[in-house]
Amino acid sequence: MPLRNLSLISSYLVNSCGLSSKNAISASKKLCCIKSTENPDAVLKLLKEYGFTDAHHIPRIVSRWPKVLVACPEKTLLPKLHFFRSIGVPIPVLAEKLSVHPSVLTCSKVNSLIPLYNYLKALLGSDERVVRVFTRAPKVFEWSYADGFYANISMLREIGVPESTIVRLVMRQPNMMLISKEKLAVYVERAIANGSDISKLTFPSAVRFGYKPADIAKCPVLIKLSLEKRIKPRCLVARILNEKGLLKKTTSGMNALLKMSEEKFLKRYIVKFDKDVPELLDIYLSRKAKLSPGP
């Protein structure tokens, strides 16, 4: 079907890709080169074969990367989708993660994805572990983050962090390996200054939270909490309240804050301080929305 103007492109995005009218209008401006639905139809067909659903993944990936519809299905998209499947990424995980981080699909398979995979496989020892890193932090595979990832590994080795500890850090906190080398060095130095032994199992968590070893030993469940979905939003609330003198910062208090149910957290830390910080709920929800995947 010919697409001669932005209005027709917007209609296609709504009817075939599931975008809202607002998102379709925005995306259509980046697709003015489309003259027919032939290539977009082929792209959508391929994505569906790899688990991308109409209602969930396709609206998300097209909204985030409209030009996926003009990418060559066979030459640009298929080799990368096939690569991730070949190393063991489950189809549901592949669709979920790439719809949120579609820029991974813009990376060169030969010059970016395969070298990074080989590096991770050599470091971690198995495809299963590489897949776990992809699942937790797909951004590791984006070319714009790769150099920083390599630099952070080198920095940790230079300061004497054992290889086994580096492996645990990459496995448990892959997103932390994407921050600047300078910032990561500060976190590592702080953990060491707090008495953490770089050879111990608790060291990655000491780097993550800035807690002392004894603090982590008291509450090992913190290691299993989601950094993006729970820890960062709740710590932001705690920091705001602490800066206003409304919250006494203690290790036990932070542990409880992070472990409690969402309902209890909202009641105890949001509703309770509504008069003092009326904008706190909006800040918290905005932070969660920013960190959680969405269309």
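Residues numbered from 1 in each chain as written. Predicted model: local features only at pLDDT ≥ 70, side-chain atom pairs only at ≥ 80, totals over all residues. Heavy atoms only, no water.

Draft legend 1. Structural context of the packing of helix α1 (residues 6-17) against helix α3 (residues 38-49). Relative to each other, α1 and α3 sit at 25°, their axes nearing to 12 Å. Taken together, the axes of α1 and α3 are roughly parallel relative to one another. Here the hand of the crossing between α1 and α3 comes out right-handed. Each of Tyr12, Ser16 and Cys17 in α1 lies in contact with α3, whose residues at this interface are Pro40, Asp41 and Leu44. Its residues assigned to classes, the contact of α1 with α3 comprises four nonpolar, one polar and one charged. (Axes fitted to C-alpha atoms, helices over the stretch in contact; angles between N-to-C directions. Helix = DSSP H or I, 4+ residues; strand = E, 2+ residues; numbered from the N terminus. Parallel < 35°, antiparallel > 145°, perpendicular 65-115°, else oblique. Left-handed = near helix turned anticlockwise from the far one by under 90°. Contact = heavy atoms within 4.5 Å. Nonpolar A, V, L, I, M, F, W, Y, C, P; charged D, E, K, R; others polar.)

Draft legend 2. Region of interest: the packing of aromatic side chains. Tallied over the entire structure, the rule returns 10 aromatic pairs. A ring pair is formed by Tyr119 and Tyr150, whose centres lie 4.7 Å apart and whose planes are at 70°; its orientation type is edge-to-face. Here Tyr150 lies in helix α9 (residues 143-158) and Tyr119 lies in helix α7 (residues 109-124), a separation of 31 residues in the sequence. Its relative accessible area of 23% is what places Tyr119 among the partly exposed residues. Aromatic side chains Phe265 and Tyr269 sit 5.4 Å apart centroid to centroid with 25° between the ring planes, which places their arrangement in the stacked category. Pair noted here: Phe265 and Tyr269 are both in helix α16 (residues 262-270), with a separation of four residues, about one helical turn. Classification of Tyr269 as buried rests on a relative accessible area of 9%. Members of the aromatic cluster, connected to one another through ring pairs, are Phe83, Phe84, Tyr117, Phe134 and Phe141. (Phe/Tyr/Trp six-rings, centres within 6.5 Å; stacked < 30°, edge-to-face > 60°. Buried < 20%, exposed > 50% of the residue type's maximum accessible area, 1.4 Å probe, protein only.)

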